[in-house]
Structures are given as structure tokens and as C-alpha cells.
Amino acid sequence: MPNDHPPANPGEPTTVEAVRERLVAVTGGLPKRLRQCADYVAQNLDRIAVSTVADIAAGADVPPSAVIRFCQLLGFSGYSDMQRLFRDAYSPGWPNYATRLENLKSGPSGSPRAMVAEFIEAGRMSLEKLAQSLDDAALEQAVATLAGAGTIHVVGFRRAYPVASYLAYVLAKMEVPAILHHGAGHLDQRFALRPGDAMLAITFAPYSDETLALAAAARAAGLAVVGLTDTAASPLSRSANTLLTVTEVDFGAFRSLSATIALAISLAVAVGTARR
């Protein structure tokens, strides 16, 4: 079957992961408008496939011409080439939950037993990827930062909330001073940030604005921030002194937290041990 698309330009990223890596490489030292493009694109990679150049420009608060220049900086000839890559990568993309459930129900893995087997396999693959990609130096730095903190502020919303709440629970059981910033009742607990404290912020694409805002507030207040996220191109990297990354393999467009929980409990226990 002939290729429907023209050949990629020299230096043009050919995968979403390559785009993420290019974002990390070019972010530093950009002019203001291109930096706004970089920040917005990093936070909204999942929207590129369905957004126009005008949508991206409006979101980044820049003219469309700045978006085009930014795409060229990444190695694309223009926005349409970048969008095509994301449409190809995400088609059919991350469907809504009703569609995901219907696809699983009608597929060969529709029985409960088969689903358990598939999620176990996805978890196994996620754990293997974590073992291979874990940055030992970053992990050591994260443990040292959190172990030396007066109070650890733990924040994570949406899919990251189970991880954040579990971390807060484990730290409390080990008698490590910790505060879970959960947003219940729309209460803002950033007033509790104190010199000598540290923050552990957790967020995955699509990234939580609440988590990013709290991490930025902590960094501005002089606290050390440890970030737990899915890629080095995560917008959390702008506030984190130390960044730990973990990628979850999905099944039926559902991502479990197998590797994330494994890393989180390891981090918590290492911190508890270091404080003894």
C-alpha cells in the first residue's frame, strides 16, 4: 500500500516520544513567545491531534505565526506536519470511557479472567520499563531531599490522587511529617508551606493544573520540589528540582498504576529509613 504522507523532512521527529525529547532539548533560552508555545504544547500534547493552529495559538496566547515558527524549531515544516504525526499516533487515540468499555466488551479479552491477565501483563511490562529506565542519581537526590525536609507536602490530583494519598498514608505510618494537598472543599493549603519543607508533586498527561500551580508556588516559596511524572518534557519539570519519570503500559486505553505505586512505595520507605 503506498504511503499516504510525504517523506519526513530531515530532522523531523517521527514519534511522539521524539517530540517530547525535542521539547526538552529546545525549551531553555527561547524567546518569550516561543517559550509560551513550548509550555502550552508540553502541557497539551494530547490535544494537538484535534486542535487547529488557531486553537494552539489562543491557548499559548501567541499569534499563529509563532506557533508555526515553533513547529519549525522542532523540525517540522509547519503545524500540519506536527498535527499529522499526532493524529497518526493517537488514532483512534484515547477514546472516552464508554468507548473503551465497549471495545473491551466486544473484544477477545472481554471476560473478567482475561482482563485480569491483560492488566497483569501490562503491569509486568510497566515494571520492567521502570527497572530499565530508573535514574538512580535522581532517586538518590529525591530521597535525600525528602528525608531532610521538615514537612513533606504531597500533591496529586485526578489519576495521580491514589498515588499521592497512599504516599501520605505510608509516610504518616512511619511518623514522617507529611501533608496531603487534596483540594477537598476547594481549600487551598499552600499557607502551610514553610522554609525547610519539601514538596512531592505527582502528575501525568493530561497534566493537572492544580498540581502544577502548587509545585510552582512551592518553588517560589523556596521549597525543594520532587516531581513524579511520565516524561522529562512534563511541565512539572519547570518547578521540580529533581524529576522522577515512570511510564505505564496501557491495556484497552486504560493505564494502571503498577509501576507508579512501586516507585512511590520504594521512595517513601527509603525516606522513612533515611530519617531513622
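Structure: above.
Treat the numbers as computed from the prediction; the structure is a model and nothing was measured.

A. Highlighting the environment of Pro-177. Position of Pro-177 among the secondary structure elements: in the loop between helix 9 (161–173) and strand 2 (178–181). The exposure class of Pro-177 is partly exposed, given its relative accessible area of 34%. Excluding anything up to four places from it in sequence, Pro-177 contacts Gly-150, Thr-151, Ile-152 and Arg-275.

B. Representation of the nonpolar core in the model. In this structure, Leu-146, Ile-152, Val-154, Leu-167 and Ile-202 are the most contacted members of the largest nonpolar core, which totals 34 residues. Of all the secondary-structure elements, those providing two or more residues to this core are helix 8 (136–147), strand 1 (152–156), helix 9, strand 3 (198–202), strand 4 (224–229) and helix 11 (258–274). Contacts of Ile-202, omitting those with residues within four sequence positions, involve Val-154, Val-155, Gly-156, Phe-157, Ala-160, Val-163, Ala-164, Leu-167, Thr-211 and Leu-228. In this structure, Ala-38, Leu-45, Ala-57 and Phe-86 belong to the second largest nonpolar core, which totals 29 residues.

C. The arrangement of the sheet that holds strand 4 in detail. Here five strands make up an open sheet; going across it, the order is 2-1-3-4-5 and the pairing parallel. Lying at the two open borders of the sheet, with one neighbouring strand each, are strand 2 and strand 5 (242–245). On average, adjacent strands in this sheet sit at an angle of 15° to one another, irrespective of strand direction. The pairing of strand 1 with strand 2 spans four bridges and is classified as parallel. Looking across to strand 2, one finds that Val-154 is bridged to Leu-180.

Rules behind the numbers
Residues numbered from 1 in each chain as written. Predicted model: local features only at pLDDT ≥ 70, side-chain atom pairs only at ≥ 80, totals over all residues. Heavy atoms only, no water. Helix = DSSP H or I, 4+ residues; strand = E, 2+ residues; numbered from the N terminus. Buried < 20%, exposed > 50% of the residue type's maximum accessible area, 1.4 Å probe, protein only. Contact = heavy atoms within 4.5 Å. Core = buried A, V, L, I, M, F, W, Y, C linked by side-chain atoms within 4.5 Å. Pairing = 2+ DSSP bridges. Axes fitted to C-alpha atoms, helices over the stretch in contact; angles between N-to-C directions.

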